[in-house]
Structure formats: C-alpha cells, structure tokens
Amino acid sequence: CADAALRQHKQQHLYAEIEGELALVFEQVLFTLSEQVFAHCKTRASLMLLDPARLGGIAAADDGAAQALGRNWYAPLLAERTLVLLGRPIDLAAQLTVRMGAMLRSSVDIAISRFESKELLAVVELQAALRACRLTHVLL
C-alpha cells in the first residue's frame, strides 16, 4: 500500500500518512505486547515462588494462572530481534527491553512505597515482592 502510494500514484503525502499511521499502530502493538509479556512473566514468577501445595488450587481456579504455568507462548515472538517496516529495520528487542525495564522499575517502586506506608512487619511482604521482581527479571 505504501509502495503503491509512492511509486504508482506518486503521492509523497499519502506515503507520509501511511507511515504515520503505521507508527501509531506499531506503538500500540508494542505497548500491548510489552504489558502482556510483563504480566505473564510476573504472574509466572509469583506462582513459581508459591508453595506447590497451594499452587494446584490456584491454577484450577484461575485461567490466567494456569496459562502462566503452561507453555510460554511469547517465546517465538520474542525470539525475533528485528522487524522491517516500510523498508526500515526496527530493533524489536530493544524497544521491548526499554518498556519492560520501565515496568520492572515501576513494580519495584510500588513494592517499596507499599513497604514505606506500612509498619515494620511489612518487611516480609517487601521481601516477597522483591523476590518476585527478581525472578520476573530472570524470566524476561
């Protein structure tokens, strides 16, 4: 479509519009993908830290937990390093790394702010949250 706009119709502004729309769509895809991958890895990490005896009941009651424990469906997609859109290479891995790094920092900040707003006994909760964040980082 973009090639036809440029070569057949000789319309530079039409190509620029297509390029702008593609950038918006790609930004939304990156946003959604990074959120879903991070949520999957964080859920998987949290479930891996649970007691195996409690894990069976949670997986049976929650479809998201059962999916997180199963096969990692994002692995083939994340294996792609670069994409070519409109003839330009885009480093997908770098884009996702930046976004998921920000989400991981936010997760750690939330755990710390929750600890600061509670009593000293919340140190156990902070420790569990930081272990989950550490394991999430490993899974990413």
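Fair warning: this is a prediction, and the values are worked out from it, not measured in the lab.

### Focus on the overall build of the protein
Looking only at helices and strands, the protein has seven helices and two strands in total. For the protein, the α and β elements follow one another from N to C terminus as α-α-α-α-α-β-β-α-α. Put simply, the protein has 140 residues, and 23% of those count as buried. Sequence-distant contacts in the protein: of pairs separated by 6 or more residues, those separated by 24 or more amount to 61%. Entry remark: accessible area of the protein is about 9600 Å², with carbon and sulfur atoms responsible for 60%.

### Notes on the nonpolar core
Note that soluble globular proteins tend to have their nonpolar side chains buried in a common cluster. Grouped together as the largest cluster of nonpolar side chains are 12 residues: Phe-26, Leu-30, Leu-33, Val-37, Phe-38, Cys-41, Leu-92, Leu-96, Met-100, Met-103, Leu-104 and Cys-133. For this core, the elements supplying multiple residues, two or more each, are helix 2 (12–49) and helix 6 (92–116). Counting residues per element, this core draws most heavily on helix 2, which supplies six residues. If near-sequence neighbours (up to four positions away) are discounted, Leu-33 is found in contact with Tyr-74, Leu-77 and Leu-96.

### A short note on the pattern of salt bridges
This structure, assessed with the given rule, holds four salt bridges. Here Arg-114 makes a salt bridge to Glu-125, at a shortest N to O gap of 2.7 Å. Here Arg-114 is found in helix 6, whereas its partner Glu-125 is found in helix 7 (residues 123–139), with 11 residues between them in sequence. Residue Arg-114 is classed as partly exposed on the basis of its relative accessible area, which comes to 41%. Salt bridges here are not isolated pairs; linked through shared partners, they connect Arg-114, Lys-118 and Glu-125.

### Structural notes on the pairing of strand 1 (residues 82–85)
Sheet topology note: the strand 1/strand 2 (residues 88–91) ladder contains four bridges and is antiparallel. In the sheet register, Leu-83 faces strand 2, and the bridge partner there is Ile-90. The antiparallel hairpin formed by strand 1 and strand 2 contains two residues in its connecting segment, where Leu-86 sits at a positive phi of about 55°.

What counts, and where the lines are drawn
- Residues numbered from 1 in each chain as written.
- Predicted model: local features only at pLDDT ≥ 70, side-chain atom pairs only at ≥ 80, totals over all residues.
- Heavy atoms only, no water.
- Helix = DSSP H or I, 4+ residues; strand = E, 2+ residues; numbered from the N terminus.
- Buried < 20%, exposed > 50% of the residue type's maximum accessible area, 1.4 Å probe, protein only.
- Contact = heavy atoms within 4.5 Å.
- Areas by Shrake-Rupley, 256 points an atom, 1.4 Å probe, with all protein chains shown as cover.
- Core = buried A, V, L, I, M, F, W, Y, C linked by side-chain atoms within 4.5 Å.
- Salt bridge = Lys/Arg side-chain N within 4 Å of Asp/Glu carboxyl O.
- Pairing = 2+ DSSP bridges.

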